[in-house]
Amino acid sequence: AQSVTQPDIHITVSEGASLELRCNYSYGATPYLFWYVQSPGQGLQLLLKYFSGDTLVQGIKGFEAEFKRSQSSFNLRKPSVHWSDAAEYFCAVGFYGGSQGNLIFGKGTKLSVKP
Amino acid sequence: GAVVSQHPSWVICKSGTSVKIECRSLDFQATTMFWYRQFPKQSLMLMATSNEGSKATYEQGVEKDKFLINHASLTLSTLTVTSAHPEDSSFYICSARGLAEVGNTQYFGPGTRLTVL
């Protein structure tokens, strides 16, 4: 069965430090890949997505993610974290041929930023 | 672009009453809308998928008679929680997928906080 794993439940980084949030998926082919961010009490905002082509994708707010087929991973990175980046981050995958276009979400990683 | 709104943003109701939540795609036509439920500090749980003009498809374990979904137009879907009880208290989020959207991209609304007393 398809699945998405975000191994880190909670990460704390200092403001200005670099960030990497991990995401691994289980699927027999290349899925559609997404990262969403959720601030407390808010909906989800799309940060970036990967369908095909260049495996390094740029998103909003200075985020990027790299698809590595050999590792079934789609890790999110940011070179310098800002206090406003503190939020919950969700990795999601969609699959080719899905009649309903459902997404499967990871359990999320909460990011805290130290001043 | 790709803005989705929800109304109301929060609602408090008495046990046994019904509550309707609206989800609108403001600047695109959404052929498919999704309804999720999110418990505190947890991920999203897909409740149902609705396509414009047809019946919603509910996920296993979701009571379709309790959570009524209507997708009457390409910009509006509604979720009605019938005879609400305290255990229905939760954060409900909708998302929408556009007519020409590639790769299952979903755009999310801001969510509705439901509290049943």
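How each quantity is defined
- Residues numbered from 1 in each chain as written.
- Chains lettered and ligands numbered in written order.
- Predicted model: local features only at pLDDT ≥ 70, side-chain atom pairs only at ≥ 80, totals over all residues.
- Heavy atoms only, no water.
- Salt bridge = Lys/Arg side-chain N within 4 Å of Asp/Glu carboxyl O.
- Helix = DSSP H or I, 4+ residues; strand = E, 2+ residues; numbered from the N terminus.
- Pairing = 2+ DSSP bridges.
- Axes fitted to C-alpha atoms, helices over the stretch in contact; angles between N-to-C directions.
- Phe/Tyr/Trp six-rings, centres within 6.5 Å; stacked < 30°, edge-to-face > 60°.
- Buried < 20%, exposed > 50% of the residue type's maximum accessible area, 1.4 Å probe, protein only.
- Patch = residues over 30% accessible without salt bridge, like charges linked within 9 Å, V, L, I, M, F, W, Y side chains within 5 Å.
- Areas by Shrake-Rupley, 256 points an atom, 1.4 Å probe, with all protein chains shown as cover.

S.K.: Now, about the pattern of salt bridges: what can you tell me, with residues and values included?
M.R.: Residues and elements named next belong to chain A. As enumerated under the stated definition, the model contains six salt bridges over all chains in all. Close ionic contact of Arg-77 with Glu-64 constitutes a salt bridge, the shortest N to O distance being 3.2 Å. Taken together, the residues span a long stretch of sequence, with Arg-77 in strand β9 (residues 73–78) and Glu-64 in strand β8 (residues 64–68) at a distance of 13 residues. Taken together, the salt bridges that share partners define one network made up of Glu-64, Glu-66 and Arg-77.

S.K.: Kindly report on the sheet that holds strand β7 (residues 67–73) of chain B, identifying the contributing residues and their values.
M.R.: Within a sheet, neighbouring strands are paired by backbone hydrogen bonds and run either parallel or antiparallel to one another. All names here are of chain B. Across the sheet, which stays open at both edges, the four strands sit in the order β1-β3-β8-β7 with antiparallel pairing between neighbours. In this open sheet, the two edge strands, each paired with only one partner strand, are β1 (4–7) and β7. Neighbouring strand axes in the sheet, compared pairwise and without regard to direction, differ in orientation by 15° on average.

S.K.: Could you give me a rundown of the packing of aromatic side chains, with the residues and numbers involved?
M.R.: All names here are of chain A. Inspection of the entire model under this criterion finds 15 aromatic pairs over all chains. The interplanar angle of 25° and the centroid separation of 6.4 Å between the aromatic rings of Tyr-25 and Phe-67 together place this pair among those described as stacked. Of this pair, Tyr-25 sits in strand β4 (residues 24–26) while Phe-67 sits in strand β8, placing them 42 residues apart in sequence. The exposure class assigned to Tyr-25 is buried, which follows from its relative accessible area of 8%.

S.K.: Which residues make up a nonpolar patch on the surface, and what values go with them?
M.R.: Residues and elements named next belong to chain B. A surface patch of nonpolar side chains, amounting to about 390 Å² of accessible area, comprises Trp-10, Ile-12 and Leu-117. The topology assignment puts Trp-10 in strand β2 (residues 10–13). A relative accessible area of 57% means that Trp-10 is categorised as exposed.

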